Amino acid sequence: MGKQEQTDQRRRNLLWVGVVVLTGIWLTLWSGQTSGSGVVLAQSGTAIASGTAQAMQTPVLPPPACTDPVALTPAMTEGPYYTRNAPERTSLIEPGVKGTKIVLVGYVLTADCKPIEHAWVDFWQADGEGVYDNDGFRLRGHQFTGKDGRYYLETVYPGLYPGRTAHIHVKVQAPNQSVLTSQIFFPGEVRNSTDSIFSTELLAAPLNPATGQLATLSPLASTPAAGQSAQPPTYVFNFVLDVRSGS
Ligand SMILES: [Fe+2]
């Protein structure tokens, strides 16, 4: 190998080393951007829920506050966007869903505060931009409560659309009972005061998922400390159904 060839070979080797190092740096940065909360920031700064979100910790849920009698969950209009036969799932997060990821948890209870096992809970909602999917099942899904009467939903904070404040639609049914159709609202939402069907009886409560303590501020206002992975903003809402024996 001549002197010129040796020089060329050294240059090629250095070039490969550079490519390998730069690729390693890029992969490190990329994996750091997509880990943690599972939420990827689009170029516009709009939070886009990622379909590859890592498994989240199960929120600590306080025992239901059992007053005597427990107030039944009021019914609320179904609205025009319900679609039957949505898939069974506890996460409505999938690639392309727009919005800020949240978790909604709670119990389905009888009026005497007993958990209802295998209650059917069917959610549907607008995405973070206030848009419903009326052709498919995006942001639609049903599930059944466990033995403890709990449900758990991963979704996005619902966006506003004309005339409505932020809300999630829901149908709930204890086994062999009638269906309750209602809606869930969120505290601190400015449009609550101008939505004619908003009800404080249907307000979800912000929850600290690590301690089970109810939070005083909307979790959407909280900002995780730099470098810390944070659970998504978590809300709790308990359903109380009018369960009649023998019906
Ligand atoms: Fe709606």
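The structure we're discussing is the one just above.
Residues numbered from 1 in each chain as written. Predicted model: local features only at pLDDT ≥ 70, side-chain atom pairs only at ≥ 80, totals over all residues.

Colleague: Even after reading the chapter, I still don't get the overall build of the protein chain, so can you show me in this structure?
Modeller: Secondary structure assignment for the protein chain yields one helix and 11 strands. Taken from N to C terminus, the helices and strands of the protein chain fall in the order α-β-β-β-β-β-β-β-β-β-β-β. Looking at the protein chain residue by residue over its 247 residues, the buried ones come to 29%. Partitioning the intrachain contacts of the protein chain with sequence separation of at least 6 by distance along the chain shows that 74% fall at a separation of at least 24. (Helix = DSSP H or I, 4+ residues; strand = E, 2+ residues; numbered from the N terminus. Buried ≥ 20, exposed ≤ 12 C-beta atoms within 10 Å, placed from the backbone. Contact = placed C-beta atoms within 7 Å.)

Colleague: Please clarify how the pairing of strand S7 (residues 167-173) should be interpreted in this entry.
Modeller: Looking along a regular strand, one sees side chains alternate from face to face of the sheet. Most of S7 is tucked away: six of the seven residues are buried. Pairing geometry for strand S4 (residues 120-124) and S7, over five bridges, is antiparallel. Paired with Val121 across the two strands is Val172, which belongs to S7. As defined by bridge partners, S7 adjoins strand S8 (residues 180-185) across six bridges and the pair is classed as antiparallel. Note on S8: the bridge partner recorded for His167 is Phe185. (Pairing = 2+ DSSP bridges.)

Colleague: Help me out: how do you make sense of the pairing of strand S3 (residues 101-110) in this one?
Modeller: For S3, the buried fraction is high: nine of the 10 residues fall into the buried class. As paired elements, S3 and strand S6 (residues 150-156) share seven bridges and run antiparallel to each other. Of the residues in S6, the one forming a bridge with Lys101 is Val156. With three bridges joining them, S3 and strand S10 (residues 234-236) adopt parallel strand pairing. What sits directly across from Val105, in S10, is Val236. Bridge count for S3 against strand S11 (residues 239-241) is three bridges, and the pairing is parallel. The partner of Leu109 across the bridge, within S11, is Val240.

Colleague: Just to check I follow, could you spell out the sheet that holds S8 for this structure?
Modeller: Hydrogen bonds between backbone groups are what pair the strands of a sheet, and the pairing can be parallel or antiparallel. Read from one edge of the open sheet, four strands run S5-S4-S7-S8, paired in antiparallel fashion. Pairing within the sheet leaves two strands with one partner each, and these edge strands are strand S5 (140-144) and S8. Averaged over neighbouring strand pairs, the angle between their axes works out to 25° when direction is ignored. Direction of pairing for S4 relative to S5: antiparallel, over a ladder of five bridges. In the strand pairing of S5, Asp122 is matched with His142. (Axes fitted to C-alpha atoms, helices over the stretch in contact; angles between N-to-C directions.)

Colleague: Honestly, unusual backbone geometry in this entry has me stumped. Any pointers?
Modeller: Peptide bonds are trans in most cases, and residues, glycine excluded, mostly fall at negative phi. The backbone of Cys113 sits at a positive phi, close to 70°, despite the residue not being glycine. Within the secondary structure, Cys113 sits in the loop between S3 and S4. You can call Cys113 partly exposed: it has 18 C-beta atoms within 10 Å. One non-glycine residue, Leu139, lies in the positive phi region at around 60°. Residue classification places Leu139 among the buried residues on the basis of 25 C-beta atoms within 10 Å.

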